[in-house]
Amino acid sequence: QAMFQAVKERGSERSVIHIMRGGPSVETHIVGIILEADRTSLQKGLIELGDKRIEVTFPSLEGCLILKLWSMDIWRRPQDVIDVMNLLIYRSSDIDFPSFRKKILSAKFSGLSEVLKQQIAKIAGWLNEGEIDTLWQDFQGRRLLNKEKRLITSTLKELDRYLRRR
């Protein structure tokens, strides 16, 4: 099967930032772009799969949040919405908002900031309309607590505020 490489070019210098089997897709390209922008804060960790332990490299919390926000859709990718909710509920105090903004700007992906602002607005709408409650119930087996909704809302407002800075 063919391999696809997302390549970053700077002048005559080329560096591969993401490789996958099959053909290119928009999602694959954005993953590579965000990982490249997040390179200074990539971390290593171990994942256990059965009896095997695999060392993996993963982006920072802010990089994960950018990737999940970018790709989430309540109808086509509900797991991404749940992932974003979990990050906002359980890791909101760890989010480095200036770093979040800096990573978006350094990604050199025109329109990323606008896309993320739209995604944040979608989450807020879904939260107000009760769609997040239904999804959360389906995936987590319980309703969102009011304090969790307030935390999500305040974190979304802060993310949006940083995205709107000039």
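Everything numeric here is computed off the predicted structure, so don't read it as measured data. (Residues numbered from 1 in each chain as written. Predicted model: local features only at pLDDT ≥ 70, side-chain atom pairs only at ≥ 80, totals over all residues. Heavy atoms only, no water.)

Engineer: Lay out the confidence of the model for the protein chain in plain terms, naming residues and giving numbers.
Structural biologist: Averaged over all residues, the pLDDT of the protein chain is 78; the fraction at 70 or higher stands at 69%. Within the protein chain, the element-level pLDDT minimum falls on helix 1 (residues 26-37), averaging 47, and the maximum on helix 7 (residues 146-164), averaging 96. Scored below 50 in pLDDT, residues 17-31 makes 41 contacts in the model with residues more than four places away or belonging to other chains. (pLDDT = per-residue confidence, 0-100. Helix = DSSP H or I, 4+ residues; strand = E, 2+ residues; numbered from the N terminus. Contact = heavy atoms within 4.5 Å.)

Engineer: How would you summarise the packing of aromatic side chains if you had to cite specific residues and measurements?
Structural biologist: A complete count under the given rule lists 1 aromatic pair for this structure. Centre to centre, the rings of Phe97 and Tyr162 are 5.7 Å apart; their planes meet at 20°, and the pair counts as stacked. Taken as a pair, Phe97 in helix 4 (residues 97-106) and Tyr162 in helix 7 lie far apart in primary sequence, 65 residues in all. No difference in accessibility class separates Phe97 from Tyr162, as the two residues are buried. Over the face of the ring belonging to Tyr162 we find Arg165, whose NZ or CZ atom lies 4.1 Å from the ring centre. (Phe/Tyr/Trp six-rings, centres within 6.5 Å; stacked < 30°, edge-to-face > 60°. Buried < 20%, exposed > 50% of the residue type's maximum accessible area, 1.4 Å probe, protein only. Lys NZ or Arg CZ within 6 Å of the ring centre and 35° of its normal.)

Engineer: Any details on the pattern of salt bridges? Residues and values, ideally.
Structural biologist: Under the defined criterion, the tally for this structure stands at 10 salt bridges. For the salt bridge of Asp83 with Lys68, the shortest nitrogen-to-oxygen distance reads 2.7 Å. Of this pair, Asp83 sits in helix 3 (residues 78-90) while Lys68 sits in helix 2 (residues 61-71); the two residues are 15 residues apart in sequence, bridging distant segments of the chain. In this structure, the salt-bridge partner of Asp94 is Arg91, at a minimum N-O distance of 2.8 Å. The exposure class assigned to Asp94 is partly exposed, which follows from its relative accessible area of 41%. Through salt bridges that share partners, Lys68, Arg77, Asp80 and Asp83 make up one connected network. (Salt bridge = Lys/Arg side-chain N within 4 Å of Asp/Glu carboxyl O.)

Engineer: Lay out the nonpolar core in plain terms, naming residues and giving numbers.
Structural biologist: Counting residues in hydrophobic clusters, the biggest one holds 34 residues, and the most contacted among them are Leu65, Leu88, Phe100 and Leu116. Contributions of two or more residues to this core are made by helix 2, helix 3, helix 4, helix 5 (112-129), helix 6 (131-140) and helix 7. Here the element with the most residues in this core is helix 3; it accounts for 7 residues. Beyond its immediate stretch of four places on either side in the chain, Leu116 contacts Ile66, Leu69, Trp70, Phe100, Ile104 and Leu163. (Core = buried A, V, L, I, M, F, W, Y, C linked by side-chain atoms within 4.5 Å.)

Engineer: Could you give an account of the layout of surface pockets, naming the residues involved and the relevant values?
Structural biologist: Empty space within the largest pocket amounts to approximately 150 Å³. As for the largest pocket, its lining consists of 10 residues, and the residues nearest its centre are Trp70, Ser71, Met72, Asp73 and Arg76. Counting residues per element, the ones that place at least two in the lining of the largest pocket are helix 2 and helix 5. With 3 residues, helix 5 is the single largest residue contributor to the lining of the largest pocket. Taken together, the residues that form the lining of the largest pocket break down as 3 nonpolar, 2 polar and 5 charged. (1 Å grid on protein atoms, 1.4 Å probe; cavity = no way out; pocket = protein on both sides within 12 Å on 5 of 7 lines; lining within 4 Å. Points joined across faces, edges and corners; volume = space filled by probe spheres on them. Nonpolar A, V, L, I, M, F, W, Y, C, P; charged D, E, K, R; others polar.)

Engineer: I'd like a description of the side chain of Asp133, backed by residues and values.
Structural biologist: By secondary structure assignment, the location of Asp133 is in helix 6. With residues near it in sequence (within four places) discarded, Asp133 still touches Arg143, Leu144 and Lys149.

Engineer: Which residues make up the environment of Ser92, and what values go with them?
Structural biologist: Tracing the chain through its elements places Ser92 in the loop between helix 3 and helix 4. Classification of Ser92 by relative accessible area gives buried; the value is 12%. In sequence terms Ser92 and Ser154 are 62 residues apart; their C-alpha atoms lie 9.4 Å from each other. Here Ser92 is in contact with Leu87, Leu151 and Thr155, once residues within four sequence places are set aside.

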